[in-house]
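Results of the structural survey
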Amino acid sequence: MQDVNSGQPLLEVLDSSYGSVDVEAAAAASVYIRVRDAREARTEGDENASIIPADGVLVQYANITAEVMDANPTWKVIGRYGVGVDTIDLAAASARSIAVVNVPDYCEEEVATHAAALVLDANRRITAADALVRRGEWADWAQLRPIAPLSTATLSLIGVGRIGREVIRLMRPFVGRIIAHDPYAGAIEGVELVDLDTALAEGDVVSLHLPLSAATHHLIGADAIARMKPTATLVNVSRGGLVDGAALAAALHDGRLASAALDVLETEPPAADDPLLAAPNTIITNHLAWYSEASEQRLRARLAERCAAVLRGRDIPSLVNRQGLADAAGAASSEAGRHAASVTTETIGAEAPTEPATAAVPTLEHS
Ligand SMILES: NC(=O)c1ccc[n+]([C@@H]2O[C@H](COP(=O)([O-])OP(=O)(O)OC[C@H]3O[C@@H](n4cnc5c(N)ncnc54)[C@H](O)[C@@H]3O)[C@@H](O)[C@H]2O)c1
Ligand SMILES: O=C(O)[C@H](O)COP(=O)(O)O
């Protein structure tokens, strides 16, 4: 069986949407990739690959829990097609010495442009005006009021990492003032860093650009919404779980919040009775912000390349659970002397690293 893939790492894709064109990425990374659902080998000459246990998995939306990991004891790497790793149990992966890899550097421009487009749409009422026209209500401007000039508005960002900073760059010419809340961010020119209360209370537009985690789940709930201006717009292109959708819908219905522009929802796709679908002054797009043909290509290529590198024992910048793996390796070596920590740092392809590859990473043996 080992001859079938000539000792090359074998990664399998759980979500089928990316499988069909991963052949190129696989070839470039010298790795075999198969789509599990189809039980189909995707690389020429790899007809029997579906019977070989995979060295790792590539996932988009699938939840990778401890149970899923235990059912796949050959996995050494979990690759997430995207930035957010909220669908993966990182602690469970580290405890099992499974590396978790994401692609934090594939769609900053696309997501920031999408956020900016939502801000402009909500302000200029583009989607709402389009609906009026199609309903034959051409002259019914009253339904679109009030519209304030953006140049007098305060844009408030919660989270200013890669995407938040790109939003700042794009939106600076449009707005009067930019404030931001991010407990881990350093100074940003022209941006006032503020506490969460101020970010909520002073934003005419409050835009979310932080990860979903246990700590940030429902960060924007009834309490937070009550602290926002009733004239404000909430923009969320990050993760649906950051916002309590029922509380948001209620505030929009009651006029306690003016509008919302959302690319992400708590449940995707939404149920037919999701209250946000019927909420007034609400724009919803279908988790599209990340997408362009170019970003999709970057995503596929970089994930395959990085997972293959990890399986070959190399360090990469986007190793999400670096510290967890080092801790697990340290604990194991002090107990049984089985795992020695070592560091091998290699630049992956021609990309500039987006994070410093600093801490020691355990060597990941490929069997
Ligand atoms: N809609 C989409 O298609 C799409 C695409 C890409 C990314 N995303 C989402 O956007 C999020 C942000 O992406 P990014 O690339 O900017 O990530 P990033 O890691 O570069 O930045 C996240 C920022 O959030 C900050 N942060 C963490 N906890 C915080 C808290 N409690 N309050 C305020 N700030 C906090 C961090 O310090 C960091 O600066 C991702 O986690 C992902 O979920 C969505
Ligand atoms: O699969 C996705 O959700 C898109 O690629 C965006 O994911 P991300 O928000 O984690 O990048």
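Note: the structure precedes this text.
These remarks concern the structure in this document. In this text the structure is predicted, and so the values were computed from the model without any measurement. (Residues numbered from 1 in each chain as written. Chains lettered and ligands numbered in written order. Predicted model: local features only at pLDDT ≥ 70, side-chain atom pairs only at ≥ 80, totals over all residues. Heavy atoms only, no water.)

This part is about the overall build of the protein. For the protein, the helix and strand inventory stands at 11 helices and 13 strands. Taken across its 367 residues, the protein has 49% of its residues classed as buried. Here the analysis covers contacts within the protein between residues at least 6 apart in sequence; of these, 61% occur between residues at least 24 apart. As displayed, the protein has an accessible area near 17100 Å², and 54% of this comes from carbon and sulfur atoms. (Helix = DSSP H or I, 4+ residues; strand = E, 2+ residues; numbered from the N terminus. Buried < 20%, exposed > 50% of the residue type's maximum accessible area, 1.4 Å probe, protein only. Contact = heavy atoms within 4.5 Å. Areas by Shrake-Rupley, 256 points an atom, 1.4 Å probe, with all protein chains shown as cover.)

What follows is about the state of the cysteines. Using the criterion set out here, one finds 0 disulfides in the structure. Take C107: it sits in no disulfide, and the sulfur closest to it among the cysteines is that of C307, at 17 Å. The exposure class assigned to C107 is buried, which follows from its relative accessible area of 3%. According to the relative accessible area criterion, C307 is buried, its value standing at 0%. (Disulfide = S-S within 2.5 Å.)

If you walk across this open sheet you meet the 7 strands as β9-β8-β7-β10-β11-β12-β13, and the pairing is parallel. Across the chains shown, the open sheet's two edge strands, defined by having one partner strand only, are β9 (192–193) and β13 (282–284). Relative to β9, strand β8 (residues 177–181) runs parallel, the two being bridged by 2 bridges. Looking across to β9, one finds that I179 is bridged to E192. Relative to the sheet, helix α6 (residues 162–171) contacts β7 (154–158) and β8, its axis offset from that of β7 by approximately 170°. (Pairing = 2+ DSSP bridges. Axes fitted to C-alpha atoms, helices over the stretch in contact; angles between N-to-C directions.)

This brings us to the site of ligand 1. Taken together, 25 residues surround ligand 1, and among them R162, I163, D182, V237 and W290 come closest. Note that an oxygen atom of ligand 1 is positioned 2.9 Å from one of the backbone N or O atoms of I163. D182 has a polar side-chain atom sitting 2.6 Å from an oxygen atom of ligand 1. When ligand 1 sits alone it has 870 Å² of accessible area, and the protein chains cover 86% of it. Considered class by class, the residues forming the shell around ligand 1 number 14 nonpolar, 7 polar and 4 charged. (Near = heavy atom within 4 Å. Polar contact = N/O pair within 3.5 Å; in protein donor to acceptor, adjacent residues only side chain to side chain. Nonpolar A, V, L, I, M, F, W, Y, C, P; charged D, E, K, R; others polar.)

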